[in-house]
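Here is how the chains run, residue by residue.
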Amino acid sequence: HASLVLAPSRATADFVAILQGVPTNRVRVLPWALDPDFETVTAAQSSSKLPAAFPTPPVVLSVGRWLITERYKGMDTLILAMPRLLLLWPDLQLALVGAGDDSQWLVDIARESGVSLHVHFITGLSYSELSACYAAADIFALPSRGEGFGFVYLEAMARSKPVIGGAHGGAPEVIQDGVTGYLVQHGDSVQLATSIDAILSNPELARQMGNRGRERVENEFRFSVFAKAFKKILRELCAS
């Protein structure tokens, strides 16, 4: 019975309309934005110490919950891509930041794949420690098949990192394939490894992707942009 339903992405808007039967003319897309204090907080945390468990670069970073119900995030695919990547980049490390009841499943995958020494599970971080992890990573990756938006992509892009996401859900509305990072098919460890290798092999490409991502965040995902769009929606709703 709501007058209007707001969704952070077109993918989520379509899902709401189909799943809950909301008429499409009552669903509007309003992308989420970074916290209004994000820039101040980030600047203050630029010198924050990394957690002791964070590995030595080169590092691929992923952030997300480790839950049985959220295996769609694709952290298992990241681990399965490591054997192929280590043939090309023997010092590469994968840092998984999160927590949840499915951690042992991921630990087992790393062990069975023979990459346990290169996969690091990091939990219980403060926001400043997480910020330091973003800053220290070379690439951010979350090859999910079901992100409604993917806020972590914004956090990584704001720190000038190239990002890799799944070519599904709301991620393609945040990540510009080949411009700010790459989109990959969920579960395709070969395509994922190829994308990571392409970025590691070309530092200038990585720098350009990171810069374009930061610019996109500043132009489209700042809180001021969100607030302006939200006010416009409210004015239209009240006028009607």
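None of the values given here were measured: they were computed from a predicted structure. Sequence positions are assigned chain by chain, starting from 1 and proceeding in written order. It should be noted that, the model being predicted, local features are given only for residues of pLDDT at least 70 and side-chain atom pairs only at 80 or more, the latter also being counted only at that level, while totals for whole chains, interfaces and linings use all residues. The side-chain values count all of the structure's non-hydrogen atoms but skip hydrogen atoms and water molecules.

## A short note on the packing of helix 3 (residues 75-88) against helix 7 (residues 189-201)
The convention used is that axes are lines fitted to C-alpha atoms, helices contributing only their stretch in contact, and that angles between N-to-C directions extend from 0 to 180 degrees. In this text, helices come from DSSP runs of H or I with a minimum length of four residues, and strands from runs of E with a minimum of two, each type numbered from the N-terminal end. Where helix 3 meets helix 7, the axes come as close as 8 Å, and the angle between the chain directions of the two elements is 55 degrees. Relative to helix 7, the element helix 3 lies oblique. Judged by the twist between their axes, the crossing of helix 3 over helix 7 is right-handed. Between helix 3 and helix 7, the contacting residues are Thr77, Leu78, Leu80, Ala81, Arg84, Leu85 and Leu88 on the first element and Ser189, Val190, Leu192, Ala193, Ile196 and Asp197 on the second. Ten residues, namely Ala, Val, Leu, Ile, Met, Phe, Trp, Tyr, Cys and Pro, are considered nonpolar, four, namely Asp, Glu, Lys and Arg, are considered charged, and the remaining ones, Gly among them, are considered polar. The class makeup of the residues in the contact of helix 3 with helix 7 is 9 nonpolar, 2 polar and 2 charged. Orientation categories follow fixed angle ranges, with anything under 35 degrees roughly parallel, anything over 145 roughly antiparallel, 65 to 115 roughly perpendicular, and all other angles oblique. A crossing counts as left-handed when the near helix is turned anticlockwise from the far one by less than a right angle, and as right-handed when that turn is clockwise. Residue contacts follow a heavy-atom distance rule, with two residues in contact if any of their heavy atoms lie within 4.5 Å.

## Re helix 9 (residues 223-239)
A helix is expected to span 1.5 Å multiplied by its residue count minus one. Here helix 9 spans 24 Å end to end across 17 residues, near enough to the 24 Å set by a 1.5 Å rise per residue. Of the surrounding elements, those touching the buried residues of helix 9 are strand 1 (5-7) and strand 2 (27-29).

## Here's the deal with the packing of aromatic side chains
Whether two aromatic rings pair depends on their centres lying within 6.5 Å, for rings of Phe, Tyr and Trp, where Trp uses its six-membered ring; planes under 30 degrees apart make the pair stacked, over 60 edge-to-face, and the rest tilted. Tallied over the full model, the rule gives 7 aromatic pairs. Relative to phenylalanine 121, the ring of tryptophan 66 has its centre 5.6 Å away and its plane inclined at 90 degrees; by these criteria the two rings are edge-to-face. A residue pair is termed long-range when its members are at least 10 positions apart, and tryptophan 66 in the loop between strand 3 (59-63) and helix 3 and phenylalanine 121 in strand 5 (residues 119-122) qualify at 55 residues. Taking the ring centre of tryptophan 105 as reference, the NZ or CZ of arginine 71 above it sits at 3.7 Å. The criterion is that NZ of a Lys, or CZ of an Arg, lies within 6 Å of the ring centre and within 35 degrees of the ring normal, and then a charge sits over that ring.

## Brief notes about the sheet that holds strand 4 (residues 93-97)
Note on pairing: two strands pair once DSSP finds at least 2 bridges between them. The strand order across the open sheet built from 6 strands is 5-4-3-6-7-8, with neighbouring strands paired in parallel fashion. What marks the edges here is a single partner per strand, and that holds for strand 5 and strand 8 (181-184). Strand-to-strand twist across the sheet, computed as the mean angle between neighbouring axes with direction ignored, equals 20 degrees. Of the pairings in the sheet, the one linking strand 6 (residues 139-142) to strand 7 (residues 163-166) comprises 3 bridges and is parallel in character. Residue pairing for strand 7: alanine 141 is matched across the bridge by isoleucine 164.

## Let's talk about the pairing of strand 3
Within a regular strand, side chains alternate between the sheet's two faces. Exposure is judged per residue with a 1.4 Å probe applied to protein chains only, and the accessible area is read against the type maximum: over 50% gives exposed, under 20% gives buried, and values in between give partly exposed. Burial analysis of strand 3 places 5 of its 5 residues in the buried class, the great majority of the element. Sheet analysis places strand 3 next to strand 4, joined by 5 bridges and oriented parallel. Each residue of the ladder has a partner; that of leucine 61, found in strand 4, is alanine 95. Clockwise travel from the first strand over the helix to the second, with the strands pointing away from the viewer, marks a crossover as right-handed. Handedness of the β-α-β unit built from strand 3, helix 3 and strand 4 comes out right-handed. Here strand 3 runs beside strand 6; their pairing, made up of 2 bridges, is parallel. Within strand 6, the position partnered with valine 60 by the bridge is isoleucine 139.

## Some points on the nonpolar core
Of all hydrophobic cores here, the largest spans 58 residues; its most connected members are Leu61, Ile79, Phe140, Ile164 and Ile196. In terms of residue count, the dominant contributor to this core is helix 3 (7 residues). Apart from residues no more than four positions distant in its own chain, phenylalanine 140 is found in contact with Leu61, Ser62, Val63, Tyr134, Val152, Tyr153, Ala156, Pro162, Val163 and Ile164. Think of a nonpolar core as a cluster: buried Ala, Val, Leu, Ile, Met, Phe, Trp, Tyr and Cys residues, connected wherever their side-chain atoms sit within 4.5 Å. Ala7, Val16, Val22 and Val27 belong to the second largest nonpolar core, which has 5 residues in total.

## Some thoughts on helix 3
Between its first and last C-alpha atoms helix 3 spans 20 Å; for 14 residues at 1.5 Å apiece the expected length is 20 Å, and the two agree. The bend at a residue is defined as the angle formed between two axes, one fitted to the seven residues ending at that residue and one fitted to the seven starting there. Approximately 40 degrees is the largest bend angle found in helix 3, and it occurs at methionine 82, with the proline proline 83 only one to four residues beyond. Considered for burial, the residues of helix 3 that qualify are Met75, Asp76, Thr77, Leu78, Ile79, Ala81, Met82, Leu85 and Leu86. Lining the buried residues of helix 3 we find strand 3, strand 4, helix 4 (103-112), strand 5, strand 6 and helix 7.

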